[in-house]
Amino acid sequence: MQLYRSHVLVCGGTGCHSSGSDDVIRVFNEELEKHNLQDEVKVVRTGCFGLCEVGPIVIVYPEGAFYSRIKAEDVPEIVSEHLLKGRIVKRLLYHDAVHEDETAKSLDEMEFYKKQRRIALRHCGVIDPENIDEYIAFEGYKALGKVLTEMKPEEVIDTIKASGLRGRGGAGFPTGLKWEFTAKAEGDKKYVCCNADEGDPGAFMDRSILEGDPHSVLEAMTIAGYAVGADQGYIYVRAEYPIAVRRLSIAIEQAKEYGLLGENIFGTDFSFDIGIRLGAGAFVCGEETALMASIEGHRGEPRPRPPFPAQKGVFGKPTLLNNVETYANITKIILDGPEKFREIGTEKSKGTKVFALGGNINNTGLVEIPMGTTLREIVYEIGGGIPGGKKFKAAQTGGPSGGCIPAEHLDTPIDYDSLIEIGSMMGSGGLIVMDEDNCMVDIARFFLEFTVEESCGKCSPCRIGTKRMLEILNKITSGKGEEGDIEKLETLAKTISSSALCGLGQTAPNPVLSTLRYFRDEYEAHIRDKKCPAGVCQALLKYVIVEEKCKGCGLCAKSCPVNAISGERKSPFKIDEEVCIKCGACMSKCPFRAIEKK
Amino acid sequence: MSVSFIEKNKEKFEALKKVIDEKKSDKGPLMPILQQAQEIFGYLPIEVQNFIAEELDIPITDVYGVATFYSQFSLKPKGKYRIGVCLGTACYVKGAQQVLDELSKVLDIDVGSTTEDGTFTLEATRCLGACGLAPVIMINDDVYGRLEPDDIPEIIAKYK
């Protein structure tokens, strides 16, 4: 094996890839060759480092220099200064990556990483996901070896049960129990499936794991196959994730080549194969029975449970279905033992959880925290607070099935049960931060619009009920709300949650219920005062020219597409409310900021 | 079935036939076949659905049912450039709706439709998972992030 004196890790996750990390890698290789350093320095395209906000990210080891927002044109300087002369290029370092004495901080010392604990993401940003040897060098396939040669299937299941691991895809069902049910079910054929249909808008941890560490999922599925007695696995991936699909395919091929997947793994009589199935853009396919229908090649419609997948799943056979992040924890539990895993987290929620931090927050990206971390720590310490010094209003978790957590609950330790208590849920891990400029009624409307479009239409509470709720919300946000609308929303919500067929339908009213619980006054302001306190709902806005600030230049009148603004030059202009279409063109043109939205 | 469509696209149907023969014996082959068919034809006209139904020996209603259920299957041809505006939550709270409105204005088409010259199709998509760059749009495989409505005309001009 060739040894290198330096390694340049370049993030190849979707975020950094989109901001040009491929070009960065190309120029690195060109420049290294130019300086004849190609045998001394190795460039590695890794998975996601998590701090997507400042991508593309480049880390140079052994120094651990953390460069951020690197463009192709910055690369020659890094090569000639840092890699050739050993001088770190300080101007390109991430602002929180240097000590006061100007030495580079290690990742653990950076505010963003300090409170994180990476288990599911342990290899993301560390290894080249397209090279199985790098995975093996980090204890890859060691857990599978141990399981196949030293453990009975029951022992594997007991280990997972003892770890306290719960499903990371949403509902939080104990993983070990699921394995046990599937193992005990009778069937001549069984399947192990992986739910990688990450449909929660704003969640991208599963994608990052598949892109950054695909082998950990394959290895865990194979272990699961051994534990429950299955010889075939399917990974159901969203078609929106082309990079993840490509890396998974490469990983499957490499694992087969090494005899770690396929016939007689590790020379034992255990055989296991994994196939990829692509989704085609249907949110409901994240629901387990719908997902299985889709694997079979049908419309992805849910069916009533029982029978549960453990009894009757894919092609009518007992099926184990876990989500990507759940699988990503498995090998670590097998290798370190369940006790070690149990040490992390709260009483009923063990281990860590990955959150996709997004919305109005400084450090958007992927964070993995021990269960029990508070929302305040996530938003203000790891997340670096809210841009522009704006006020925190709410954090949305659980996507279209979840709810909004207001400022009063910022200190709640986050785990499965505490989130449900405050009217939200863990969900798959999207965490969207909203500030004072976001309207909570509009957010509820946004989620309902999503649900209505994605409702599969099989059961009427979801198909018709959510549509009626959306109509009421549209009415309220367009200034036509009436007394009694809130009560109607509540009645509909109750009916839908108690009667819809699948989990997604039953939880569809949650965004409305949780915003009503904490932000009822905003709903009332829309309905009674015809005002949108956050200034979002166009129909309720009024554009006004502040007389004291207006210099009478007339730019606003010129920019108005409907000639709603008039006035004499050098004296304050006026907006005719009747004519105004509230497009906001005048406001963006005014050089004196004399136009306000009210 | 329109005969001329099949004659005009003889090579494409041959390619499709190859795909079907390859996957026919797999379990649950319909979705992967439809995905490949859409790659080959660009969309799924009724003639293609009919062909698949006959080759797999299943009712056309099954094929049509699946083709219309999933949003990524299209029964109509798409423009040369497909513009997808991410309407995931992270993008939405950062102003994706305004970006979408601007695109609709600049291209003079509604969401979900194609310009008359067949150059652009404008779509609202689900989360693309590039939340760190919100708001994000994709034009075919190119991703543009951290957008403001004002950036749109310049981006579109590149493709004209």
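In this text the structure is predicted, and so the values were computed from the model without any measurement. (Residues numbered from 1 in each chain as written. Chains lettered and ligands numbered in written order. Predicted model: local features only at pLDDT ≥ 70, side-chain atom pairs only at ≥ 80, totals over all residues. Heavy atoms only, no water.)

Draft legend 1. Main features of the overall build of chain A. A tally of helices and strands in chain A yields 23 helices and 17 strands. Against the compact-globule benchmark of 25 Å for 598 residues, chain A has a radius of gyration of 27 Å, which places it among compact chains. For chain A, the C-alpha atoms occupy an extent of roughly 90 × 65 × 40 Å along the three principal directions. The proportion of buried residues among the 598 residues of chain A is 60%. Summarising the internal contacts of chain A: among those between residues at least 6 apart in sequence, 70% fall at separations of at least 24. By element, 49% of the accessible surface of chain A is carried by carbon and sulfur atoms, the whole surface being about 23,700 Å². Of the side-chain charges in chain A, 74 are positive and 87 negative, and the distance between the mean point of each set is 5 Å. (Helix = DSSP H or I, 4+ residues; strand = E, 2+ residues; numbered from the N terminus. Rg over C-alpha atoms; globule rule 2.2 N^0.38 Å. Buried < 20%, exposed > 50% of the residue type's maximum accessible area, 1.4 Å probe, protein only. Contact = heavy atoms within 4.5 Å. Areas by Shrake-Rupley, 256 points an atom, 1.4 Å probe, with all protein chains shown as cover. Lys, Arg positive; Asp, Glu negative; His and termini not counted. Charge placed at Lys NZ, Arg CZ, Asp CG, Glu CD.)

Draft legend 2. Quick look at the overall build of chain B. Scanning chain B from terminus to terminus reveals eight helices and four strands. Along chain B, from the amino end to the carboxyl end, the secondary structure elements read α-α-α-α-α-β-α-α-β-β-β-α. A principal-axis box enclosing the C-alpha atoms of chain B has dimensions of 50 × 35 × 20 Å. Of all 160 residues assigned to chain B, the portion counted as buried reaches 53%. Put simply, of all contacts in chain B between residues at least 6 apart along the chain, 60% involve residues at least 24 apart. Total accessible area computed for chain B in this model is approximately 7,900 Å², and 47% of it derives from carbon and sulfur atoms. The distance from the centre of the 18 positive side-chain charges to the centre of the 25 negative ones in chain B is 3 Å.

Draft legend 3. Spatial organisation of the nonpolar core. Trp179(A), Tyr327(A), Leu103(B) and Ile137(B) are the most contacted members of the largest nonpolar core, which totals 144 residues. Ranked by residue count, the leading element in this core is helix α10 (residues 214-228) of chain A, at nine residues. Val284(A), Leu30(B), Leu34(B) and Val66(B) belong to the second-largest nonpolar core, a separate cluster that totals 38 residues. (Core = buried A, V, L, I, M, F, W, Y, C linked by side-chain atoms within 4.5 Å.)

Draft legend 4. Representation of the environment of Ile252(A) within the structure. Tracing the chain through its elements places Ile252(A) in helix α11 (residues 242-257). Setting aside its immediate chain neighbours within four residues, Ile252(A) contacts Leu218(A), Leu261(A), Ile274(A) and Ile276(A).

Draft legend 5. A look at the packing of aromatic side chains. Counted by the stated rule, this structure contains 20 aromatic pairs over all chains. When the centroid spacing of 5.7 Å and the interplanar angle of 55 degrees are considered together, the rings of Phe66(A) and Tyr94(A) count as tilted. Taken together, the residues Phe66(A) in strand β4 (residues 65-67) and Tyr94(A) in the loop between α3 (75-85) and α4 (111-114) connect sequence positions 28 residues apart. Tyr94(A) shares its class with Phe66(A); the two are buried. Ring geometry for Tyr226(A) versus Phe270(A): centroids 5.5 Å apart, planes at 80 degrees, classification edge-to-face. One end of the pair, Tyr226(A), is in helix α10; the other, Phe270(A), is in the loop between α11 and β7 (273-278), and 44 residues separate them in sequence. Among the aromatic residues, those joined into a cluster by ring pairs are Phe66(A), Tyr94(A), Phe112(A) and Tyr113(A). The ring of Phe592(A) carries Lys551(A) above its face, with NZ or CZ at 5.7 Å from the centroid. Positioned over the ring face of Phe315(A) is Lys27(B), at 4.6 Å from the centre of the ring. (Phe/Tyr/Trp six-rings, centres within 6.5 Å; stacked < 30°, edge-to-face > 60°. Lys NZ or Arg CZ within 6 Å of the ring centre and 35° of its normal.)

Draft legend 6. Up close: the interface of chain A and chain B. Facing the 51 residues of chain A at the interface are 31 residues of chain B. In total, chain A and chain B occlude about 3,300 Å² of area from one another, counting both sides; carbon and sulfur atoms represent 55% of this. Of all residues in chain A, the largest losses of buried area upon contact with chain B belong to Ala280(A), Arg299(A) and Phe446(A), amounting jointly to 17% of the total for that side. Our count for the contact surface shared by chain A and chain B stands at two salt bridges. A salt bridge links Glu453(A) to Arg126(B), with the shortest nitrogen-to-oxygen separation between them at 3.1 Å. Run the count over chain A and chain B and you get 18 residue pairs in polar contact (both at pLDDT 80 or more). Ranked by the residues each element gives to the side of chain A that touches chain B, the list is headed by helix α17 (residues 440-454) of chain A, at eight residues. A class-by-class count of the residues in the side of chain A that touches chain B yields 23 nonpolar, 15 polar and 13 charged. (Buried area = accessible area lost by both parts, 1.4 Å probe. Salt bridge = Lys/Arg side-chain N within 4 Å of Asp/Glu carboxyl O. Polar contact = N/O pair within 3.5 Å; in protein donor to acceptor, adjacent residues only side chain to side chain. Nonpolar A, V, L, I, M, F, W, Y, C, P; charged D, E, K, R; others polar.)

Draft legend 7. Region of interest: the confidence of the model for chain B. For chain B, per-residue confidence averages 92 on the pLDDT scale, and residues scoring 70 or more make up 99% of the total. Interface predicted TM-score (ipTM) for the complex: 0.89; the corresponding pTM is 0.93. (pLDDT = per-residue confidence, 0-100.)

Draft legend 8. Broad picture of the domain arrangement of chain A. Domains assigned within chain A are domain 1 (6-114), domain 2 (132-341), domain 3 (352-435), domain 4 (440-528) and domain 5 (542-597). Just the C-alpha atoms count here: the centres of domain 4 of chain A and domain 5 of chain A sit 36 Å apart. (Domains from an automatic or database assignment.)

Draft legend 9. Summary view of a nonpolar patch on the surface. Residues Ile46(B), Ile60(B), Tyr64(B) and Leu75(B) make up a contiguous nonpolar surface patch of roughly 320 Å² in combined accessible area. By the element assignment, Tyr64(B) lies in helix α5 (residues 60-69). (Patch = residues over 30% accessible without salt bridge, like charges linked within 9 Å, V, L, I, M, F, W, Y side chains within 5 Å.)

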